[in-house]
Amino acid sequence: MISSFQWPDWRKTACLALAYAVLSKVVLAFFAVDGVTSIVWPPSGLALGALLLGGAKYWPGVLLGAFAGNLLAGSSALVSLSIASGNTLEALAGLWLLPRIGSFDRGLTRLGHYLCLCRVALLSALVSAGVGNASLWLAGLLPLDALAHNFLKWWQGDV
């Protein structure tokens, strides 16, 4: 599944990382009431779209962009890396699930393709929401009583 990375791919990987980081910063600045989660999270769509178009070989761009975006939002390096790992695994899970959940064509020429994408989004978003919330809770940044609510907001944003 993971295509081999070629040296010329570094430019596209860097552009993906930059786009992800900037988009993360903008969304957290304007749509996150608590500065941590937003019920709108376009970077997830960017990540999956980039992997659909370019292949799984661009996962380092997602990881680097998510890491930088979390650092820009004020998270520590360890929390940023943990959350970025969840974001990356979400995109890879979506890429892996798409051909397995139903009929899918990345051209989205039929309604069934959109519905397949929606089903995959519902499932793959669980990865990032789970890893991200666990990271915040383990770092002492999210109280246990807020975990379920924050998980739901995170999952909604990623879907």
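Residues numbered from 1 in each chain as written. Predicted model: local features only at pLDDT ≥ 70, side-chain atom pairs only at ≥ 80, totals over all residues. Heavy atoms only, no water.

Q: In this structure, what is going on with the overall build of the chain? I would like to understand it.
A: What the chain contains, in helices and strands, is six helices and zero strands. Listed N to C, the secondary structure of the chain is α-α-α-α-α-α in terms of helices and strands. For 159 residues, the compact-globule estimate of 2.2 N^0.38 gives 15 Å, and the C-alpha radius of gyration of the chain, at 15 Å, lies within 12% of that figure. Viewed in the frame of its principal axes, the chain has a C-alpha envelope of about 40 × 35 × 25 Å. Buried residues in the chain amount to 39% of all 159 residues. A fraction of 61% describes how many contacts in the chain between residues 6 or more apart in sequence connect residues 24 or more apart. Charged side chains in the chain number 9 positive and 6 negative. The centres of these two groups are separated by 12 Å. (Helix = DSSP H or I, 4+ residues; strand = E, 2+ residues; numbered from the N terminus. Rg over C-alpha atoms; globule rule 2.2 N^0.38 Å. Buried < 20%, exposed > 50% of the residue type's maximum accessible area, 1.4 Å probe, protein only. Contact = heavy atoms within 4.5 Å. Lys, Arg positive; Asp, Glu negative; His and termini not counted. Charge placed at Lys NZ, Arg CZ, Asp CG, Glu CD.)

Q: Would you take a moment to explain the side chain of Ser124 for this structure?
A: With respect to the secondary-structure elements, Ser124 resides in helix α5 (residues 111-138). Setting aside residues no more than four positions away along its own chain, Ser124 makes contact with Glu90, Ala93, Gly94 and Leu97.

Q: Is there a simple way to explain helix α2 (residues 42-54) in this structure?
A: In an α-helix, one turn spans 3.6 residues, which is why side chains three or four residues apart end up on the same side. Taking 1.5 Å per residue as the helical rise, α2 with its 13 residues ought to reach 18 Å, and the 18 Å between its terminal C-alpha atoms agrees with that figure. Residues of α2 that are buried in the fold lie against α1 (10-31), α3 (59-72), α4 (77-101), α5 and α6 (147-158). One or two residues past the end of α2 sits Gly55, with phi positive at roughly 105 degrees. (Expected span 1.5 Å × (residues − 1).)

Q: I would appreciate a short explanation of the packing of α3 against α4 in the present structure.
A: At their nearest, the axes of α3 and α4 sit 8 Å apart, and the two run at 140 degrees to each other. The handedness of the crossing between α3 and α4 is right-handed. For the pair formed by α3 and α4, the contact residues are Trp59, Val62, Leu63, Ala66, Phe67, Asn70 and Leu71 on the first element and Ala77, Ser80, Leu81, Ile83, Ala84, Ser85, Asn87, Thr88 and Leu92 on the second. Looking at the contact of α3 with α4, its residues break down into eleven nonpolar, five polar and no charged. (Axes fitted to C-alpha atoms, helices over the stretch in contact; angles between N-to-C directions. Left-handed = near helix turned anticlockwise from the far one by under 90°. Nonpolar A, V, L, I, M, F, W, Y, C, P; charged D, E, K, R; others polar.)

Q: I'm lost on the nonpolar core in this one. Help?
A: As a rule of thumb, nonpolar side chains are buried together in soluble globular proteins. By size, the foremost hydrophobic cluster in this structure holds 23 residues, and its most contacted members are Tyr20, Leu51, Leu95 and Leu98. The set of elements that each furnish at least two residues to this core consists of α1, α2, α3, α4 and α5. With six residues, α4 is the largest single contributor of residues to this core. If near-sequence neighbours (up to four positions away) are discounted, Leu95 is found in contact with Leu48, Leu51, Leu52 and Ala56. Ranked by size, the runner-up nonpolar core spans six residues in total, among them Val79, Ile83, Ala129 and Trp154. (Core = buried A, V, L, I, M, F, W, Y, C linked by side-chain atoms within 4.5 Å.)

Q: Looking at this model, I keep getting lost on the environment of Gly54. Mind explaining?
A: With respect to the helices and strands, the residue Gly54 is situated in helix α2. Judged by its relative accessible area of 29%, Gly54 is partly exposed. For the pair formed by Gly54 and Thr13, sequence separation is 41 residues and the distance between their alpha carbons is 9.7 Å.

Q: Please explain unusual backbone geometry as it appears in this structure.
A: If a residue is not glycine, its phi is most likely negative; likewise, a peptide bond is most likely trans. For Leu108, which is not a glycine, the phi torsion comes out positive at approximately 50 degrees. Examined against the element boundaries, Leu108 turns out to sit in the loop between α4 and α5.

Q: Teacher, can you tell me more about the packing of α2 against α4 here?
A: How two helices pack is summed up by the angle between their axes together with the distance between the axes. Running from N to C, α2 and α4 point in directions that differ by 50 degrees, and their axes come no closer than 9 Å. Taken together, the axes of α2 and α4 are oblique relative to one another. The two elements α2 and α4 meet at a crossing, and its hand is right-handed. Of α4, the residues touching α2 (which contributes Ser44, Ala47, Leu48, Leu51 and Leu52) are Glu90, Ala91, Leu92, Gly94, Leu95 and Leu98. Here the residues of the contact of α2 with α4 sort into eight nonpolar, two polar and one charged. (Parallel < 35°, antiparallel > 145°, perpendicular 65-115°, else oblique.)

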